[in-house]
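One-letter residues, chain by chain:
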Amino acid sequence: MKFALINGDKAEATKGARGFCPSCGSELIARCGEVKVNHWAHKGNRNCDPWWENETDWHRSWKGKFPIDWQEVVHFDGSGEKHIADVKTESGCVLEFQHSYLNPEERRYRNAFYSKLVWVVDGARRKTDKSQFQRILDESTTVIREPLIKRVHFPDECRLLKEWNDSNALVLFDFQEEKDTEQSDLWFLFPKISSGDAYLSPFSRVKFIELHNNNKFDELVQNIILPIHKELARNKQIEHASNMHSHPN
């Protein structure tokens, strides 16, 4: 964890410090070494949130783009179940920064647990993911030019899309590596329309952060993303009906 509570305030880990978990209230110990980023840990090997994963510099970099009060927020559902959201904005949108592989069943459960969820997935974790993704982009079809929307015809040939294409939550892939000096775009994956296709669009990293920090991302979803998704789904239905008519057997 990045933060513990010390005298009721969020504090980052420093050598020798002790704090308390904002979720379960138990004592946390500061882990400060040279291999992993400084973090807070529960005593022993326990963790009060089974969804929590070890953090990387990539996680920390993303969290640091948002106000401290929004980072590592304990979120409750209607039944009282609780989990620690990476970032929860003032408008109630949860941002989860996913580095490691995530079991599809757990991902679906998280999608249901958080009513407004956006995933940012580390696309540079595996060595070949970036080249695979670029190849399917090169082979894709442009279906809308402004904003640019690319249709990928065989998403299962890309591991990232195979893992995330069935998500009903919003997903963005981040391919920027630590050595990169340029602020590369994210790639937005539209919620699933059909099993045989995936729809992708470049998304400004700076704009993504700015929209959330100004609580304007919901407006973008309602006014741009959802109407485009509806249009893409309608065109897919028309295409399917036309194919059925041409090949009735």
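Quick note: structure is the one above.
Computed from a prediction, not measured in an experiment: that's the story for all the values here. All residue numbers refer to positions counted from 1 along the written sequence of the respective chain. Residue-level local features of this predicted model are given only where pLDDT is at least 70; pairs of side-chain atoms are given and counted only at 80 or more, and the full residue set underlies all totals for whole chains, interfaces and linings. As a rule here, side-chain values cover all heavy atoms of the structure and leave hydrogens and water aside.

Student: For the nonpolar core, give the residues involved together with the corresponding values.
Tutor: Here, the term nonpolar core denotes a set of buried Ala, Val, Leu, Ile, Met, Phe, Trp, Tyr and Cys residues that are joined through side-chain atoms within 4.5 Å. The cut-offs for exposure are 20% and 50% of the maximum accessible area for each residue type, with area from a 1.4 Å probe on protein chains only; residues under the lower value are buried, those over the upper are exposed, and the others partly exposed. One finds Trp62, Phe203, Phe208 and Phe217 to be the most contacted residues of the largest nonpolar core, which totals 28 residues. Those elements that place two or more of their residues in this core are α1 (57–63), β8 (94–98), β9 (117–122), β12 (170–174), β13 (186–189), β14 (198–203), α5 (205–213) and α6 (217–246). At 6 residues, α6 tops the list of elements feeding residues into this core. Not counting the four nearest positions on each side in its chain, Trp62 is found in contact with Phe97, Val120, Asp174, Leu186, Arg205, Phe208 and Ile209. Grouped together as the second largest cluster of nonpolar side chains are 25 residues, Phe113, Val152, Leu160 and Val171 included. The way it works is that DSSP assigns letters per residue, a run of H or I at least four long becomes a helix, a run of E at least two long becomes a strand, and they are numbered from the N terminus. In what follows, a contact means two residues having at least one pair of non-hydrogen atoms within 4.5 Å.

Student: Before we move on, could you go through the pairing of strand β1 (residues 3–6) and cite the residues and values that matter?
Tutor: With 4 bridges connecting them, β1 and strand β2 (residues 9–12) associate as antiparallel partners. Residue Phe3 lies in a different strand from β2, and its bridge partner there is Glu12. Pairing between strands is defined by DSSP: at least two bridges between the two strands are required. Where β1 folds back on β2, the antiparallel hairpin that results is connected by 2 residues, among which Asn7 adopts a positive phi of roughly 55°.

Student: Give me the pattern of salt bridges: which residues, what numbers.
Tutor: Between Lys or Arg on one side and Asp or Glu on the other, a salt bridge is scored when a side-chain nitrogen of the former is within 4 Å of a carboxyl oxygen of the latter. All told, the structure shown has 18 salt bridges when counted by the stated rule. Notably, a salt bridge pairs Arg126 with Glu163, separated by 2.9 Å at the nearest N-O pair. Taken as a pair, Arg126 in the loop between β9 and α3 (129–138) and Glu163 in helix α4 (residues 159–164) lie far apart in primary sequence, 37 residues in all. Classification of Glu163 as buried rests on a relative accessible area of 19%.

Student: How would you explain α5 if you had to name every residue and give the values?
Tutor: For α5, the set of buried residues is Arg205, Phe208, Ile209, Leu211 and His212. Each buried residue of α5 sits inside an arc of 165° when the element is viewed along its axis, so together they form one side. N or O atoms within 3.5 Å of each other form a polar contact, as long as, within protein, one can give a hydrogen and the other can take it, and as long as residues adjacent in sequence are counted only when both atoms are side-chain atoms. A distance of 3.4 Å separates the backbone nitrogen of Val206 from a side-chain oxygen at the start of α5, and that oxygen is part of Ser204. Arc definition: it is the arc formed by the directions from the helix axis to the C-beta atoms.

Student: Which residues make up helix α2 (residues 104–113), and what are the values?
Tutor: Taken as a whole, α2 has its buried residues at Arg107, Arg110, Asn111 and Phe113. Buried positions in α2, seen along its axis, are confined to an arc of 165° and lie on one side of it. Summarising the geometry of α2, the exposed residues directed more than 90 degrees from the buried face are Glu105 and Ala112. Residues of α2 that are buried make contact with β6 (71–76), β7 (82–88), β8, β9 and α4. A side-chain oxygen of the first residue of α2 lies 2.8 Å from the backbone nitrogen of Glu105; this N-cap is Asn103.

Student: Go over the side chain of Asp129, please, and point to the residues and values.
Tutor: Position of Asp129 among the secondary structure elements: in helix α3. The residues contacting Asp129, other than those within four sequence positions of it, are Gly123, Arg159, Leu160 and Phe175.

Student: Tell me what's going on with the packing of aromatic side chains, and back it up with residues and numbers.
Tutor: Working definition: a ring pair exists when centres of Phe, Tyr or Trp rings (six-membered ring for Trp) sit within 6.5 Å. Plane angles under 30 degrees give stacked, over 60 give edge-to-face, the rest tilted. Across all of its chains, the model carries 14 aromatic pairs by this definition. Seen from their ring centres, Phe208 and Phe217 are 5.7 Å apart, and the 80° between their planes marks the pair as edge-to-face. In this structure Phe208 comes out as buried when scored by relative accessible area, which is 0%. A relative accessible area of 4% means that Phe217 is categorised as buried. By way of ring pairs, the aromatic residues Trp58, Trp62, Phe66, Phe97, Phe203, Phe208 and Phe217 are connected into one cluster. Sitting over the ring of Phe3, Lys10 keeps its end group 5.6 Å from the ring centre. Two limits define a charge over a ring: the Lys NZ or Arg CZ must be within 6 Å of the ring centre, and within 35 degrees of the ring normal.

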